[in-house]
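The chain contents come next:
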Amino acid sequence: MTPPMIELKNVKKSFGNNIVLQDINLKIAKGQSLVIIGGSGSGKSVMLKCLLGLMAPDSGQLLISGKDIAKISASDRKQVLKKIGMLFQSAALFDSLKVWQNVAFGLIQGQGLDKITAKKIALEKLRRVGLSPDVAELSPAELSGGMQKRVGLARAIATEPEIIFFDEPTTGLDPIMADVINDLIVECVQDLGATTLTITHDMASARKIADRIAMLYEGRIIWEGAKTHINNSGNAYVDQFIHGNAQGPIQMDTAKS
Amino acid sequence: MINPLAIIGRTILDGLGELGRLFRFAAIATSHIVRPPIYWRLIGQQMWLIGYNSLPVVGLTALFTGAALAQQIFVGGSRFNAESVVPGVVVIAIVRELGPVLGGLMVAGRVSSAMAAELGTMRVTEQIDALVTLSTDPFKYLVAPRLVAAVFTLPLLVLVANVIGVLGGFLIGTERLGLNGATYLQVTAEFLEAADIYSSLVKAAVFGFFIALMGSYHGYNSRGGAQGVGKATTNAVVSAFIAILFTNLIITVIVFGVTG
């Protein structure tokens, strides 16, 4: 049996007394797209940071292609990270570099390509996400939010990674632009045959991108299944979340007089 | 009830913890300076930003300080008919102390704050995390070039500041105080020793290290959005100032403490 591309085993993480992740267990098979939904503060971003090696878990294993990202050496982690692309919530483009240099960054620094070849690939990836070569010479500050997300996506797929993480890919975008980004993500991921993990609270995005959906609540995975089953999950928390109801088992901390 | 001893103890422990984190950060950053890949283009870029862009402020500071110093020494010396000491005292004060210290403080104000603001913004906008995901070590790409550039650029800046500071004293001495130009230069050369220049350059290199270290450390570890970046910027400048003044004292005591 083929081992999963990404696997989390009994992952725990807390900050002082605040337990953020409690015994997380997840498996993502090669080529599969898993979307993790959950409200703000449910631990989604911490989980992603642990998977990228940006944060160490308190215990448990975070296996990427069978290697525990939290326990391998820095040079091994660098090799694992070369297989990964990441689209950040804020796109996280480098202000000091032009758009094409942002897209080509991983090709030049990570793969050691020369600038001319890297620029050619960067322009092709920009075209792939619907941006013209004129945009390539601009600085990120000159772009709209939607265009920055596209550049972020182009940067994430530039090295043709085996795994792509998406952190709130549609947050801050209007519904039409959000749908454009969702379509681009689906197309790009299909092109590459990549394994993806997305965290979002946008259900439209989750339904479009996912093969499977898991819900994180108070640091635990409370439901996981195929996206076609989410409307019949039989889980009151999931039902409340996907319908966006204020009433239900999930209580929001709101000050009431 | 508030226990004063507990507060003092916690403050000391917090301070020691911060110092430990700073040493660790410095050790990691320094280790990256000598390990490839070395980003020569970024080092050059930082040398330009730190050095060339700081020249006006450092030059003007040195010019005015040298001139004011000459004026004060002339007034003080004239009480004992010792106006002739002006060139000697000016050059020693400028080269040994005021050139490196004032130059360092001015550059710290400009550069530490800019580094902290830039790296702090990169931190809170996840650009530093993005570097990691693109297989690039932020210490190597962001911190090491700043450290190298500052260590090599500050001595050059201080050398210029020393010359301009002496020139400031020369101008006010010859144009306003009636001192002879040729004699002024001759006395300046007689008083200046090689050790003065070496100590000045060593101080400048050490100050450069701390300017870049404090700017990078506080920026890199900045937290909490715009407010966090503002706090990092302030902390970078204050800690760079303290580090400069403290290490200046140490180097002065080591170099001139015995021989004078």
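**Topic: the environment of A:S139**
Residue and element names in this part refer to chain A. Along the chain, S139 falls in the loop between α5 (133-136) and α6 (145-158). On the basis of neighbour count, S139 is assigned to the partly exposed category, with 15 C-beta atoms found within 10 Å. S139 sits 37 residues away from N102 along the chain, and the two C-alpha atoms are 9.3 Å apart.

**A short note on the interface of chain A and chain B**
Each side of the interface is counted separately: chain A has 15 residues, and chain B has 10 residues. Within the residue set of the side of chain A that touches chain B, elements represented by two or more residues are α2 (74-81), β6 (84-87) and α3 (99-110) of chain A. A total of four residues in the side of chain A that touches chain B trace back to one element, the largest contributor, which is α3(A). Its residues assigned to classes, the side of chain A that touches chain B shows nine nonpolar, four polar and two charged.

**Looking at the sheet that holds strand β5 (residues 67-68) of chain A**
Residues and elements named next belong to chain A. The antiparallel open sheet is built from four strands, whose spatial order is β2-β1-β4-β5. A strand with exactly one partner marks an edge of an open sheet, and here the two such strands are β2 (18-28) and β5. In terms of strand pairing, strand β1 (residues 6-15) meets strand β4 (residues 59-64) through five bridges, oriented antiparallel. The residue of β4 that forms the bridge with I6 is I64. In this fold helix α1 (residues 44-51) packs onto β1, β2 and β4, with an angle of close to 60 degrees to the strand it touches most, β2.

**Quick notes on helix α9 (residues 225-256) of chain B**
Residues and elements named next belong to chain B. Taking 1.5 Å per residue, 32 residues should reach 46 Å; α9 reaches 46 Å between its end C-alpha atoms and fits that length. Those residues of α9 that sit buried are V229, A232, T233, N235, A236, V237, S239, A240, A243 and I244. Each element contacted by the buried residues of α9 is listed here: α4 (86-124) and α8 (194-220).

**A short note on the sheet that holds strand β3 (residues 33-37) of chain A**
Strands in a sheet are paired, the pairing made by backbone hydrogen bonds, and the direction either parallel or antiparallel. All names here are of chain A. The strand order β6-β7-β8-β3-β9-β10 describes an open sheet built from six strands, whose pairing is mixed. The open sheet has two edge strands, β6 and β10 (220-226), and neither has a second partner. Pairs of neighbouring strands in the sheet enclose a mean axial angle of 15 degrees, with direction left out of account. Along the sheet, α6 contacts β6 and β7 (163-167); its crossing angle with β6, the most-contacted strand, is approximately 175 degrees. Packed onto the sheet, helix α9 (residues 236-243) meets β3, β9 (212-217) and β10 and runs at close to 100 degrees relative to β9.

**So, the pairing of strand β8 (residues 195-200) of chain A**
All names here are of chain A. By the criterion of burial, β8 is predominantly enclosed, with six of the six residues buried. Two strands pair when backbone bridges link them, and β3 and β8 are joined in this way by five bridges, in the parallel orientation. Residue pairing for β8: V35 is matched across the bridge by T198. Alignment of β7 against β8, held across five bridges, turns out to be parallel. Pairing of I163 across the sheet is with T195, part of β8.

What counts and what doesn't
- Residues numbered from 1 in each chain as written.
- Chains lettered and ligands numbered in written order.
- Predicted model: local features only at pLDDT ≥ 70, side-chain atom pairs only at ≥ 80, totals over all residues.
- Helix = DSSP H or I, 4+ residues; strand = E, 2+ residues; numbered from the N terminus.
- Buried ≥ 20, exposed ≤ 12 C-beta atoms within 10 Å, placed from the backbone.
- Contact = placed C-beta atoms within 7 Å.
- Nonpolar A, V, L, I, M, F, W, Y, C, P; charged D, E, K, R; others polar.
- Pairing = 2+ DSSP bridges.
- Axes fitted to C-alpha atoms, helices over the stretch in contact; angles between N-to-C directions.
- Expected span 1.5 Å × (residues − 1).

All we've got here are geometric facts, nothing functional implied.
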